[in-house]
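Read off the chains here:
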Amino acid sequence: MLSFLYARQSGLDDPVRLRRAESTRRVLSLELNHNRDVDRIHGNGINTLDTEVIDGRYMLSGGSDGVIVIYDLENNSKKPQYTCKAICTVGRSVCRHVHKFSVETVQWYPHDTGMFVSSSFDKTMKVWDTETLKPAEEFQFDGNVYCHHMSPVARKQSLVAGVFSDQTKPSACEMVNVSLTGHRGEILSVRWSPRYDHILATASTDSRVRIWDVRRASGSLFTLDQHNGDKSKASSEAVNTAHNGRVNGLCFTADGLHLLSTGTDDRMRLWNSGTGENTLVNYGKVVNESRKGLKFTVSRGCSPEFVFVPCGSSVAVYGLHSGELITMLRGHYNNVDCCEFHPDYQELYSGGKDCNILAWVPVLRQPGIEDDETNSKRGGTQAAINPAFEDAWSSDED
Amino acid sequence: MSRKRALIADTFCLTKRRRCAADSVTDGAADIRSSLQYLMTLFSRKLFNDSLPPVVLKHQLYSLHNDKTSVDKQVNELRENGDLLMFQLGFDSEAFALVFAEDYRTKVLQGEAGRETLGTVEKFLAKLIPGCSDLSFNKEKMLKEFLFTDPAITQLVKSGVLTVRDAGSWWLSIPNSGKFIKYFIKGRKAVLGMVKKSKYGEILKTELEGHHTTSQVKFQMKYHIHEIMGAELVESIQTTSGTLLRYVDGNVN
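Residues numbered from 1 in each chain as written. Chains lettered and ligands numbered in written order. Predicted model: local features only at pLDDT ≥ 70, side-chain atom pairs only at ≥ 80, totals over all residues. Heavy atoms only, no water.

1. Concerning the overall build of chain B
Item 1. Counting its regular elements, chain B contains eleven helices and nine strands.
Item 2. Across the 253 residues in chain B, those meeting the buried criterion constitute 47%.
Item 3. Sequence-distant contacts, at least 24 apart, represent 62% of the contacts inside chain B between residues at least 6 apart.
Item 4. In the structure as shown, chain B presents an accessible area of about 13200 Å², 51% of it carried by carbon and sulfur atoms. (Helix = DSSP H or I, 4+ residues; strand = E, 2+ residues; numbered from the N terminus. Buried < 20%, exposed > 50% of the residue type's maximum accessible area, 1.4 Å probe, protein only. Contact = heavy atoms within 4.5 Å. Areas by Shrake-Rupley, 256 points an atom, 1.4 Å probe, with all protein chains shown as cover.)

2. Remarks on the UniProt feature "repeat: WD" (unreviewed entry) in chain A
Residue and element names in this part refer to chain A.
Item 1. Under the local residue numbering, the UniProt record ascribes the feature "repeat: WD" (unreviewed entry) to residues 96-138, 180-215, 240-281 and 329-360.
Item 2. Between the end C-alpha atoms of residues 96-138 there is a gap of 14 Å, over a span that is 0% helix and 53% strand.
Item 3. Helix makes up 0% of residues 240-281 and strand 43%, with an end-to-end C-alpha separation of 18 Å. (UniProt positions renumbered as here; feature names shortened; annotations may be inferred.)

3. A closer look at the sheet that holds strand 2 (residues 84-88) of chain B
All names here are of chain B.
Item 1. Pairing is antiparallel across the open sheet formed by three strands, whose spatial order is 1-3-2. In this open sheet, the two strands that pair with only one neighbour each are strand 1 (56-57) and strand 2.
Item 2. Relative to strand 3 (residues 96-100), strand 2 is paired through five bridges, and the arrangement is antiparallel. The partner of Leu-85 across the bridge, within strand 3, is Val-99. (Pairing = 2+ DSSP bridges.)

4. Quick look at a nonpolar patch on the surface
All names here are of chain A.
Item 1. Taken together, Met-1, Leu-2 and Leu-5 make up a surface patch of nonpolar side chains, about 300 Å² in accessible area.
Item 2. On the secondary structure map, Leu-5 appears in helix 1 (residues 2-10).
Item 3. Using a relative accessible area of 40% as the deciding quantity, one classes Leu-5 as partly exposed. (Patch = residues over 30% accessible without salt bridge, like charges linked within 9 Å, V, L, I, M, F, W, Y side chains within 5 Å. Salt bridge = Lys/Arg side-chain N within 4 Å of Asp/Glu carboxyl O.)

5. Quick look at empty space enclosed by the protein
Item 1. What the rule picks out here adds up to four cavities of 30 Å³ or more.
Item 2. There is about 60 Å³ of room inside the largest cavity.
Item 3. In terms of lining residues, the largest cavity is bounded by B:Arg79, B:Gly82, B:Leu84, B:Leu85, B:Met86, B:Leu128, B:Ile129, B:Cys132, B:Ser133, B:Asp134 and B:Leu172.
Item 4. At the level of secondary structure, the elements contributing two or more residues to the lining of the largest cavity comprise strand 2 and helix 6 (118-131) of chain B.
Item 5. Broken down by element, the residue count for the lining of the largest cavity peaks at three residues, all from strand 2 of chain B.
Item 6. Roughly 50 Å³ of volume is contained in the second largest cavity.
Item 7. Contributing to the lining of the second largest cavity are ten residues, with A:Val27, A:Leu28, A:Leu30, A:Val317 and A:Thr327 lying nearest its centre.
Item 8. If you list the elements that add at least two residues to the lining of the second largest cavity, you get helix 2 (15-28), strand 24 (306-311) and strand 26 (325-330) of chain A. (1 Å grid on protein atoms, 1.4 Å probe; cavity = no way out; pocket = protein on both sides within 12 Å on 5 of 7 lines; lining within 4 Å. Points joined across faces, edges and corners; volume = space filled by probe spheres on them.)

6. A closer look at the side chain of B:Lys58
Item 1. If you trace the backbone, B:Lys58 turns up in helix 3 (residues 58-62).
Item 2. Contacts of B:Lys58, omitting those with residues within four sequence positions, involve B:Asp72, B:Val75, B:Met86, B:Phe96 and B:Leu98.

7. Details of the domain arrangement of chain B
Residue and element names in this part refer to chain B.
Item 1. As assigned here, chain B comprises domain 1 (28-172) and domain 2 (177-247).
Item 2. With centres defined by C-alpha atoms, the gap from domain 1 to domain 2 works out at 26 Å.
Item 3. Counting residues at the interface gives 20 residues for domain 1 and 19 residues for domain 2.
Item 4. At the surface where domain 1 touches domain 2, the tally comes to one salt bridge.
Item 5. In this structure, Lys-68 and Glu-232 form a salt bridge, with 3.5 Å as the shortest nitrogen-oxygen distance.
Item 6. There are five residue pairs in polar contact (both at pLDDT 80 or more) connecting domain 1 and domain 2. (Domains from an automatic or database assignment. Polar contact = N/O pair within 3.5 Å; in protein donor to acceptor, adjacent residues only side chain to side chain.)

8. Here's the deal with the pairing of strand 11 (residues 134-140) of chain A
Moving residue by residue along a regular strand, the side chains alternate between the two faces of the sheet.
Residues and elements named next belong to chain A.
Item 1. Inspection of the sheet shows strand 10 (residues 124-129) paired to strand 11 by six bridges, in the antiparallel sense. Bridged to Met-125 within strand 11 is Phe-139.
Item 2. The loop that links strand 10 with its antiparallel partner strand 11 comprises four residues; one of these, Leu-133, has a positive phi angle of about 55°.

9. Remarks on the packing of helix 9 (residues 177-197) of chain B against helix 11 (residues 221-230) of chain B
The packing of two helices is summarised by the inter-axis angle and the distance between the axes.
Residues and elements named next belong to chain B.
Item 1. The N-to-C vectors of helix 9 and helix 11 enclose an angle of 75°; their axes lie 10 Å apart at closest approach. In terms of their interaxial angle, helix 9 and helix 11 are classed as roughly perpendicular. Across the interface between the two elements, Phe-180, Phe-184, Gly-187, Arg-188, Val-191, Leu-192 and Met-194 from helix 9 touch Met-221, Tyr-223, His-224, Glu-227 and Ile-228 from helix 11.
Item 2. Of the residues assigned to the contact of helix 9 with helix 11, the class counts are eight nonpolar, two polar and two charged. (Axes fitted to C-alpha atoms, helices over the stretch in contact; angles between N-to-C directions. Parallel < 35°, antiparallel > 145°, perpendicular 65-115°, else oblique. Nonpolar A, V, L, I, M, F, W, Y, C, P; charged D, E, K, R; others polar.)

10. Thoughts on the side chain of A:Glu104
Residues and elements named next belong to chain A.
Item 1. For Glu-104, the position within the fold is in strand 8 (residues 103-108).
Item 2. Taking the relative accessible area as the measure of exposure, Glu-104 reaches 2% and is therefore buried.
Item 3. Polar side-chain contacts of Glu-104 include one of 2.9 Å to the side chain of Ser-102.

11. Overview of the packing of aromatic side chains
Item 1. Using the criterion set out here, one finds twelve aromatic pairs over all chains in the structure.
Item 2. Ring centres of A:Phe116 and A:Trp128 lie 6.2 Å apart, and the angle between their planes is 15°; this geometry places the pair in the stacked category. Of this pair, A:Phe116 sits in strand 9 (residues 115-120) while A:Trp128 sits in strand 10, placing them twelve residues apart in sequence.
Item 3. For A:Phe116, a relative accessible area of 0% corresponds to the buried category.
Item 4. Residue class for A:Trp128 comes out buried when judged on its relative accessible area of 0%.
Item 5. Measuring from centroid to centroid gives 5.3 Å for B:Phe219 and B:Tyr223, while their planes differ by 50°, and the two rings are tilted. Like B:Tyr223, B:Phe219 is buried.
Item 6. Taken together, B:Phe43, B:Phe180, B:Phe184, B:Phe219 and B:Tyr223 form an aromatic cluster joined through their ring pairs.
Item 7. One residue, B:Lys218, lies across the ring of B:Tyr183, its end atom 5.4 Å from the ring centre. (Phe/Tyr/Trp six-rings, centres within 6.5 Å; stacked < 30°, edge-to-face > 60°. Lys NZ or Arg CZ within 6 Å of the ring centre and 35° of its normal.)

12. Some remarks on the state of the cysteines
All names here are of chain A.
Item 1. Going through the model one piece at a time under the given rule, you end up with zero disulfides over all chains.
Item 2. Here Cys-338 is not cross-linked by a disulfide; its sulfur's nearest cysteine counterpart is in Cys-339, at 7.2 Å.
Item 3. For Cys-338, a relative accessible area of 1% translates into the label buried. (Disulfide = S-S within 2.5 Å.)

13. What to know about helix 8 (residues 150-159) of chain B
Residues and elements named next belong to chain B.
Item 1. Here helix 8 has its buried residues at Ala-152, Ile-153, Leu-156 and Ser-159. Seen from one end, helix 8 has its buried residues packed into an arc of 125°, which puts them on one side. More than 90 degrees from the buried face of helix 8, the exposed residues found are Pro-151 and Lys-158.
Item 2. Remark: Gly-160 follows helix 8 within two positions and exhibits a positive phi of approximately 95°. (Arc of directions from axis to C-beta.)

Spelled out as structure tokens, the structure:
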């Protein structure tokens, strides 16, 4: 650590290097924190979490009971024991605009906390005003909305991409009146690229992941193929598919160069988002039994990046490019549905069917335990002396 | 805990990494080959009257080496060189069988000796072994690239070197491997049952190796144990008494 500080000070190293090394060290020491709690408001499972990008202070959560809650994550009390309070709730009794069925996805407006968008199984997508907690806009769909996403980098126009299931039409990804067709099964997940504001990825139950350019809404740019075009490897139905089962989770890495997808064939794959090539990183068996979308996340700002995937009732942490399982974060009592990484403090928040949101906080360096013990033996009146400076030959009894 | 400490040390101690980097790269390829040879010795030849070459499954290698991505890379390298052949077994889209090319050639020719399909099979093997690393072939490829005629393709299917995949395309296969797959699936189910029935659903690996094999299990226990560990059908946990295998719920088998 000291060598990193000295190298930074003397200009040998880039300033980012120290930050990355320290972030990585913190992520590797993530543990369930006994001091940090999140208010328990939801009566049913939590489906989605989102932290706002500007300050990283407020977090939204959406639950299976249709309730949306906003929490304040900042610790203003001077004590280490802290509960993240719920600032406001869009609840069943309070608000008459509340969603009738389960809220599947919530997301803050990417540029400020003035509004957020939520979509739910009651076939609507609502744009809420945070001040008044009333929906400013409501979109009706014909089927359950599984997922929506707003582009984090779009400056000129903000488009929301929503995907829904529909009995009459083949599934389409609908954005403010533009419909993209091409998938043959329900679409479970949609993500905008954080690098280009016109690239969109969708994942569906027909085992395919498609990449679209919204400027030409004629067809997808390409489909991701797990065998990289080697048609001999797959059986003939499975040619040109991303997974051997339903694809239910998508996540871009922070720089937008890679895309991760998870499927019900218990596999997670890393793709090059520019060429659509499977990088063939083998993560092993990533248990995935989710019938709807799975929300997982990638760390930002660490040197080997990490993927946090909910696996059953724990969260698995994998190295992004090496594919090795670093650790499993255990703490939930039931299935974990979503997790969210806070890049500034390297904290992870995860929510699941047990109605709890757990905070995983890096464990700081512990003070030396030996000094405290010897202190209490001597009566605790003297200050703790470093054992290196103690002399072993003098005795207090003389 | 110890895994985390090792990784942190890497990030902060750059000099150590530079020194060891050179050794680890060269060790890699040799390692996979020696692991493959070790696994081949576990394969019971006598069971099939010596008509099958020793077959190893790709995920058995995952139980011997930590980094799955580098195992995959090295297996692909060996395939490109023409030393190793990979086959798609029918029962699982992710299960691949590996056979050394030389063993495959000798066994197939040994099985074909005296039959009229010998000539076609020899021609096919000559085309296959040094150059081609595909798992399946479709009609155009057989007709144009390999210059086989339709009756020749029928002869290849009859001899067992090709199996039907769907109309107009064929998987590469090992002749007489039907018995192998049957015994393999039965044995795997029996071994998993042994793990499941033990107290608390977990058993030490050394204890399981010493278990008497039932009539269902025709292969060596070690062969099956490497296979279920590599396919992650059981969770392997390091304990102070050795490796513990715990049955994972939610298995299809």
